[in-house]
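Structural overview for review
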4 protein chains.
Amino acid sequence: MKKVKVGIAGLGRLGKLHAGNLAFHIANAELTAACSIMPAELEYAKNELGVTDVYTDFDEMLAKADIDAVAIVTTSGMHCAQIAAALDAGKHVFCEKPLGVDLEQCRQAEKAVERHPELAFFLGFMRRFDPSYAYAMEKVKAGVIGKPYMVKATGIDPEALVQGAIRFAPTSGGIFIDMAIHDIDLMRWFLGEDPVEVYAAGATFKHPEFKDANDDETGVAMYKCASGAIGFVHVGRTAPHGYHVETEVVGTEGTLRISPVPEKNLCVIYDKNGAVKECVSGFPERFAEAYLKEMEEFINCVQEGRKPEVTVYDGTKSTQIAFATTEAYREGKPLKIEY
Amino acid sequence: MKKVKVGIAGLGRLGKLHAGNLAFHIANAELTAACSIMPAELEYAKNELGVTDVYTDFDEMLAKADIDAVAIVTTSGMHCAQIAAALDAGKHVFCEKPLGVDLEQCRQAEKAVERHPELAFFLGFMRRFDPSYAYAMEKVKAGVIGKPYMVKATGIDPEALVQGAIRFAPTSGGIFIDMAIHDIDLMRWFLGEDPVEVYAAGATFKHPEFKDANDDETGVAMYKCASGAIGFVHVGRTAPHGYHVETEVVGTEGTLRISPVPEKNLCVIYDKNGAVKECVSGFPERFAEAYLKEMEEFINCVQEGRKPEVTVYDGTKSTQIAFATTEAYREGKPLKIEY
Amino acid sequence: MKKVKVGIAGLGRLGKLHAGNLAFHIANAELTAACSIMPAELEYAKNELGVTDVYTDFDEMLAKADIDAVAIVTTSGMHCAQIAAALDAGKHVFCEKPLGVDLEQCRQAEKAVERHPELAFFLGFMRRFDPSYAYAMEKVKAGVIGKPYMVKATGIDPEALVQGAIRFAPTSGGIFIDMAIHDIDLMRWFLGEDPVEVYAAGATFKHPEFKDANDDETGVAMYKCASGAIGFVHVGRTAPHGYHVETEVVGTEGTLRISPVPEKNLCVIYDKNGAVKECVSGFPERFAEAYLKEMEEFINCVQEGRKPEVTVYDGTKSTQIAFATTEAYREGKPLKIEY
Amino acid sequence: MKKVKVGIAGLGRLGKLHAGNLAFHIANAELTAACSIMPAELEYAKNELGVTDVYTDFDEMLAKADIDAVAIVTTSGMHCAQIAAALDAGKHVFCEKPLGVDLEQCRQAEKAVERHPELAFFLGFMRRFDPSYAYAMEKVKAGVIGKPYMVKATGIDPEALVQGAIRFAPTSGGIFIDMAIHDIDLMRWFLGEDPVEVYAAGATFKHPEFKDANDDETGVAMYKCASGAIGFVHVGRTAPHGYHVETEVVGTEGTLRISPVPEKNLCVIYDKNGAVKECVSGFPERFAEAYLKEMEEFINCVQEGRKPEVTVYDGTKSTQIAFATTEAYREGKPLKIEY
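Residues numbered from 1 in each chain as written. Chains lettered and ligands numbered in written order. Predicted model: local features only at pLDDT ≥ 70, side-chain atom pairs only at ≥ 80, totals over all residues. Heavy atoms only, no water.

1. Topic: the sheet that holds strand β6 (residues 121–124) of chain B
Residues and elements named next belong to chain B. What counts, and what does not: At least two DSSP bridges between two strands are required for those strands to pair. Every helix listed is a DSSP run of H or I at least four residues long, and every strand listed is a run of E at least two residues long, numbered separately from the N terminus. Should any heavy atoms of two residues lie within 4.5 Å, those residues are counted as being in contact. Here an axis means a line fitted to C-alpha atoms, over the contact stretch when the element is a helix, while the angle between two N-to-C directions is reported on a 0 to 180 degree scale.
The six strands are arranged β3-β2-β1-β4-β5-β6 in an open sheet whose pairing can be described as parallel. Pairing within the sheet leaves two strands with one partner each, and these edge strands are β3 (54–55) and β6. Bridge count between strand β2 (residues 29–35) and β3: two bridges; the pairing is parallel. Residue C35 lies in a different strand from β3, and its bridge partner there is Y55. The strands touched by helix α1 (residues 13–25) within the sheet are β1 (4–9), β2, β4 (69–72) and β5 (92–96), with β2 carrying the most contacts at an inclination of about 145°.

2. Considering the side chain of D216 of chain D
All names here are of chain D. Quick reminder of the rule: Residue exposure (1.4 Å probe, protein chains only): buried if accessible area is under 20% of the type maximum, exposed if over 50%, otherwise partly exposed. Side-chain atoms alone can form a polar contact between residues adjacent in sequence; in general such a contact is a pair of N or O atoms within 3.5 Å, and within protein one must be able to donate a hydrogen while the other accepts it.
Examined against the element boundaries, D216 turns out to sit in the loop between α10 (209–212) and β9 (218–225). Take D216: its relative accessible area is 2%, and that puts it in the buried class. In terms of polar contacts, D216 uses its side chain to reach the side chain of T204, at 2.5 Å. Looking at D216, its side chain comes within polar contact range of the side chain of K211, at 2.9 Å.

3. Regarding the sheet that holds strand β1 (residues 4–9) of chain D
Residues and elements named next belong to chain D. Overall, parallel pairing links the six strands, which are arranged β3-β2-β1-β4-β5-β6 in an open sheet. A strand with exactly one partner marks an edge of an open sheet, and here the two such strands are β3 (54–55) and β6 (121–124). Helix α12 (residues 288–304) contacts β1, β2 (29–35), β4 (69–72), β5 (92–96) and β6 of the sheet and is inclined by roughly 160° relative to β5.

4. Details of the state of the cysteines
Our working definition: The disulfide criterion is simple: two cysteine sulfur atoms within 2.5 Å.
On inspection of all chains with the given rule, the structure shows zero disulfides over all chains. Cysteine C301 of chain B is unpaired, with the sulfur of C95 of chain B as its nearest cysteine sulfur at 15 Å. The structure places no disulfide on C35 of chain D, whose sulfur is separated from the nearest cysteine sulfur, that of C95 of chain D, by 14 Å. Of the residues examined, C35 of chain D reaches a relative accessible area of 5% and is grouped as buried.

5. Things to note about the packing of aromatic side chains
A ring pair, where both rings are aromatic, is described by two values, the distance of the centres and the angle of the planes. All names here are of chain A. Under the convention used in this document: Each pair of aromatic rings taken from Phe, Tyr and Trp, with Trp reduced to its six-membered ring, is defined by centres within 6.5 Å and is described as stacked if the planes are under 30 degrees apart, edge-to-face if over 60, and tilted in the remaining cases. Look at NZ for Lys and CZ for Arg. If either is within 6 Å of the ring centre and within 35 degrees of the ring normal, a charge sits over the ring.
Applying the stated rule across the entire model yields 44 aromatic pairs over all chains. On the basis of an interplanar angle of 85° and a centroid distance of 6.2 Å, the ring pair of Y243 and F287 is categorised as edge-to-face. On the criterion of sequence distance, the pair formed by Y243 in the loop between β10 (230–239) and β11 (244–251) and F287 in the loop between α11 (283–286) and α12 (288–304) is long-range, its members being 44 residues apart. Exposure class is identical for Y243 and F287. Each is buried. Note on F283 and Y291: the rings are 6.3 Å apart at their centroids and 65° apart in plane angle, and the pair reads as edge-to-face. You can call F283 partly exposed: its relative accessible area is 23%. One aromatic cluster in this structure is built from F94, F122, F129 and F298. Note that K16 overlies the ring of Y44, its terminal NZ or CZ placed 4.9 Å from the centroid.

6. Some points on the relation of the copies chain A and chain C
Inclusion rule: For the least-squares superposition of copies, only C-alpha atoms count, and only for residues with pLDDT at least 70 in both.
With an RMSD of 0.1 Å, the operation that places chain A on chain C is a rotation of 180° combined with a shift of 0.1 Å along the axis. The operation mapping one copy onto its partner corresponds to a two-fold rotation axis. Closest approach to the rotation axis among the C-alpha atoms of chain A is made by V276 of chain A, whose C-alpha sits 2.3 Å away. Here 100% of the interface residues in chain A have copies in chain C that are interface residues too; the copies meet face to matching face.

7. Considerations on unusual backbone geometry
Residues and elements named next belong to chain B. Omega for the peptide link from K97 to P98 comes to -5°, which places this bond in the cis form. Summarising the element assignment, P98 is placed in the loop between β5 and α5 (103–115). Positive phi is not limited to glycine here, since N214 has a value of about 60°. With respect to the helices, strands and loops of the structure, N214 is situated in the loop between α10 (209–212) and β9 (218–225). Of note, S259 is a non-glycine position whose phi angle comes to about 55°, a positive value. Relative to the elements of secondary structure, S259 occurs in the loop between β12 (255–258) and β13 (267–271). Since its relative accessible area comes to 1%, S259 is described here as buried.

8. What to know about the interface of chain A and chain C
The condition that has to hold: Accessible area that two parts lose when put together, evaluated with a 1.4 Å probe and summed over both, is termed the buried area. Salt bridge, as applied in this entry: a Lys or Arg side-chain nitrogen positioned within 4 Å of an Asp or Glu carboxyl oxygen.
Across the contact, 16 residues belong to chain A and 16 residues belong to chain C. Interface area for chain A against chain C, summed over the two sides, is near 1100 Å², with a carbon-plus-sulfur share of 61%. It is Y270, N273 and A275 of chain A in chain A that bury the most area against chain C; as a group they hold 42% of the surface buried on that side. The interface formed by chain A and chain C includes zero salt bridges. For the pair chain A and chain C, the interface holds four residue pairs in polar contact (both at pLDDT 80 or more). Sorting the residues of the side of chain A that touches chain C by element identifies β13 (267–271) and β14 (274–277) of chain A as the ones contributing at least two each. Counting residues per element, the side of chain A that touches chain C draws most heavily on β14 of chain A, which supplies four residues.

9. Observations concerning the domain arrangement of chain A
Residues and elements named next belong to chain A. Worth spelling out the cut-off: Throughout the structure description, domain borders are defined by an automatic or database domain assignment. Following the grouping adopted for this structure description, the nonpolar residues are Ala, Val, Leu, Ile, Met, Phe, Trp, Tyr, Cys and Pro, the charged ones are Asp, Glu, Lys and Arg, and the polar ones are all others, Gly among them.
Each domain of chain A was delimited in the assignment, giving domain 1 (4–119) and domain 2 (128–287 + 318–336). Spacing between the C-alpha centres of domain 1 and domain 2 amounts to 27 Å. On the domain 2 side, the residues contacting the 12 residues of domain 1 number eight residues. Both sides together, the interface formed by domain 1 and domain 2 hides about 770 Å², and carbon and sulfur atoms give 69% of it. Ranking the residues of domain 1 by area buried against domain 2 places R13, K97 and L103 at the top, with a combined share of 54%. Along the contact surface separating domain 1 from domain 2 lie zero salt bridges. In this assembly, domain 1 and domain 2 are joined by zero residue pairs in polar contact (both at pLDDT 80 or more). Only α1 (13–25) and α5 (103–115) provide two or more residues apiece to the side of domain 1 that touches domain 2. Of the residues that constitute the side of domain 1 that touches domain 2, the class distribution is seven nonpolar, one polar and four charged.

10. Points about the packing of helix α1 (residues 13–25) of chain C against helix α2 (residues 39–49) of chain C
Describing two packed helices takes the angle between their axes plus the distance from one axis to the other. All names here are of chain C. Put simply, the rule reads: Here roughly perpendicular refers to angles of 65 to 115 degrees, roughly parallel to angles under 35, roughly antiparallel to angles over 145, and oblique to all remaining angles. Handedness of each helix crossing follows the sense of rotation of the near helix against the far helix: counterclockwise by less than a right angle gives left-handed, clockwise gives right-handed.
Axis separation between α1 and α2 bottoms out at 11 Å; the angle between their running directions is 30°. In this view, α1 runs roughly parallel relative to α2, as classed from their interaxial angle. The handedness of the crossing between α1 and α2 comes out as right-handed. Packed against α1, whose contacting residues are K16, A19, G20, A23 and F24, the element α2 presents Y44, E48 and L49 at the interface.

11. What to know about the relation of the copies chain B and chain A
Rotating chain B by 180° and translating it 0.0 Å along the rotation axis places it on chain A, where the RMSD comes to 0.0 Å. Residue by residue, 100% of the interface of chain B is reproduced at the interface of chain A, so both copies engage with the same surface.

12. Topic: the interface of chain B and chain A
Listed as interface residues are 36 residues of chain B and, on the opposing side, 36 residues of chain A. Between chain B and chain A lies a buried interface of about 3100 Å² when both sides are counted; carbon and sulfur atoms form 64% of it. The three residues of chain B that bury the most area against chain A are Y199, F205 and M222 of chain B, which together make up 22% of that side's buried surface. For the pair chain B and chain A, the interface holds four salt bridges. Put simply, K206 of chain A and E253 of chain B hold a salt bridge, and the shortest N to O gap is 2.7 Å. Those elements that place two or more of their residues in the side of chain B that touches chain A are β7 (148–158), β8 (195–203), β9, β10 (230–239) and β11 (244–251) of chain B. For the side of chain B that touches chain A, the leading source of residues is β8 of chain B, giving six residues. Of the residues that constitute the side of chain B that touches chain A, the class distribution is 17 nonpolar, 11 polar and eight charged.

This is the structure:
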């Protein structure tokens, strides 16, 4: 079968990760073009990825490059416009989360996707492709835990990386938009339902810089669904042990807990501290396999003319919920969410 | 040193447990009297505990029995009146939680305790005496996790016992008063602070009988403190694996998690299901040691003229918070808590 | 029922532990006499245990003290003679392991026990009374793991206590006699069979002082039984994480593993090291409950005229196997064991 | 850089796994030829792998195919002859374990490797490439556990696959040659030393068919090294919970334990059985990443002119130790191993 030719837009940390997967680890894909406004990133494309067809302008890449698809890993504010441009240029689209930075943008992306039912649109909620999360969903679908009615989700970045988060805080949109969107997607996915009310709070006890940026180092939110199902999300940036992503799905017949210990590997070290499980250092380590699998799935969808499971509407809804959470957090009172 | 002579009031399941500890496992205590309105319980006292001085009337026991102290394990509605009567009769008092069933009762108990500074008053928040919880508090005090700023507490009764909970539902006061009070106490203890706002929800997906009783099988509540510290409590009645009490204390330098697996013992069974940790069956198994240790501490306080660490005010506050939680849950909106 | 009056012989670390249990935690026992050649230990008996009837001579205690039973916690070389003297004086006997320091002594103890079928003789293999080990045996008896055919047992003292072990090495009889006897007992207990051949080795890589004492800091032994069942024992003295006692029972339908992590309690600490389980510091912490339960069982056996499950022959056999292991280790070749 | 063209010999279960990695997951490799005596396997090559240049004769593939390297995944008895033929034909060689089925064959392979220092020879001890094992070795090299002096290695195939093992038993060479060779390699790797004596035993309590084939369903061996270091290997075929590969490396300053629970993924299921970790189903699942990483390393060695870390001599030694273990097991007595 013909390989899917992909052009990548954005070669930051995550862009490099996706590009490396496309170039070296996915047999039925070929990375044939790259676009970035950073000259160093285009050098990287040439020297490390072997991609010689490089662009500084996204539209030019769409117009000239020999590509079937684009992978959009640019800054969040550009996602929706690029999605629309790429689809209108007849390219299949993989886009990193979040879909957009406001609801209006998301609606534009929705319309572009609706205009092109012949093209695949894939939104990068990679956690769904992590083997442990995927397995948990299999169990849920098989009825192992009965009816899932509560999701408790935790996502905490490592303290080791907090300085970057502090620098980014003033422009991040706040902790719920920056961090909770994955947890919100998991909550929606496992519950099979959207929340209709949110109540939220934040706390900063270690790095006052977050407060200075009108943000918090820790955020928590509680969600109510129409059925009575409940969500609880806890996000933060100061885990001393590493990158802590943990999700609990409570059902009528059992509970599934994914990675209560975010273990680095299968080693246990017995030393003067006790019995120690070292933990993963960050999302690239924790979700390496998930990033590969989601891109494989995107390529396969393109080749096989299949529609990805995650839709553009999932992107809009998660964004909307993250915005509502931020508003509830800032106002300090519960907020209804209407779709 | 002279043994402390104790009269017990109430010999239900928990009363028998306390009575057994007093009679057989605490060297400096002596169980010399028992009071119950149930003839079978008094037979039990005679035959199993060797207590021949038995009463059907609490005040009569206070007046006639050769006792230094009373252990009150009666129904919750009688606690405060019996506390006052016992203290006024010059007896030291151990009382099971909750302190009372409304705030007015609690205030009466407070006044009785204040009238008798010479007597020990001990409220049975036994979880504080569990070796794992006590160790966690030692760690917190030693600064191991820095400043604790979030407590996530879970307490779920086993599905195996749900029929009892269903029968008890109409008169239990609701899941937050019936079950969350221990978790509320732990939250206050670990945070060193009282919440000023609560938001709550409930869910019933397995046993509609709880809804019939204007209650829920699962309850969750989120608390905000004045300092910004946060609490989250999840209580329920349908854990298929056993009795699940788990608490997480998040601090600026680390996190402590107590019993994420409510393991029955140190065995792992590798069988066709995988690697299995069996779980504890209920509170008598999980907190057997805690019940013994709290009673030992009560007896030691009496002998040594010390004041117990848990005060009557802790009882009032936990009760008040549980009531506020219930109200927030029923009204479906956040509620300020004023002390 | 009349309390069992007990005299204790030996008030070293383990003696104090047993005495404390008898004096304060076992309702149907009474510690009425104590014997020690160390004046400080007799002072301890008076001041801490409230025992005023003290002796420096074991036979004098047997002759004069008001006791139904003795607890022998003296040095190993005196066990068998004291067992015989106590039984001949009509006293029930609890004796710490090992039964004796050579087989001839053990045979003398066996004869004394046989002379007094009316008296209870209890040998302190306390691990059998540990709730986790007892539960594992229940599972084995219930057939959960089918036919048990291999036991892998590990017992390693903490590095923190190694200096004591070094001082004791020249007179300890070697690591297999000093340490492996509990593991040997567990192997026999779980397999329901005695080994007929042993092969052993030792290693010293940290503390050469053990080699100087003709001993090793680590010892391993492999056992074959007539049925084909297999045992493997690993003992040592240099665990940096604490006191590591772990046992695996492999059966045709499953495997039971007892305490692969010798956890101190149910806390997990997430800190810069990762997810950490702190470990127990030594046998008094690990087996506190087992020591209490075995003594309760001894007292109950005396009161109820029951025979303890562990017999004097278990003591002889474990001793014989430990000696055979030591010989196999010293000769560097397999040795047949005949009973 | 030019892709490495590889021809694969043998397309059984493991051959398919390697071929799939070469064809689809390793960017700098190209699977250009395949050889098998099974027509169905050649059909698989054409249809599933897209390899049209297929052979039924290994030498013909060497002579005619456009290949830089061969991957030998044929039956063990053919490995050494094919290694020599391929090297003599100027091809780099990847060969599955074991190196050969007798020492003489291994020596022939050694000579072939020595004749061609310009070519890469890679022996498939894939466990060394498993992230957890590789990490453990990093820790050992970093001195985290001090001097490693004991390795306890366990490798048990799942009961679910036992019928295949029973059918294969008469020709497998016995459990130590069939199964222990990976554990022996790990022991040598972690200790940095070869054993000089072995003592072994076997047991069959579930499937007497193994006894009929002069084999056992469980085998254990104890090894002594000249330095005093010790090895213990336990292999079997009847794990009810899945595929159990576990290794413990004991050092003077700490212990590393790799996969005491051979967990399938990061999910914990709390259900009526307790807290359950499901386990991996077999080596393809457990070592999927290791198989990929070892082949990547082989291809990289070829491209970069590097020598693989595992040498042909490692293959000979592990084979020799497995044979010595088998002999010790059959004779029931310790055996010296001379190299």
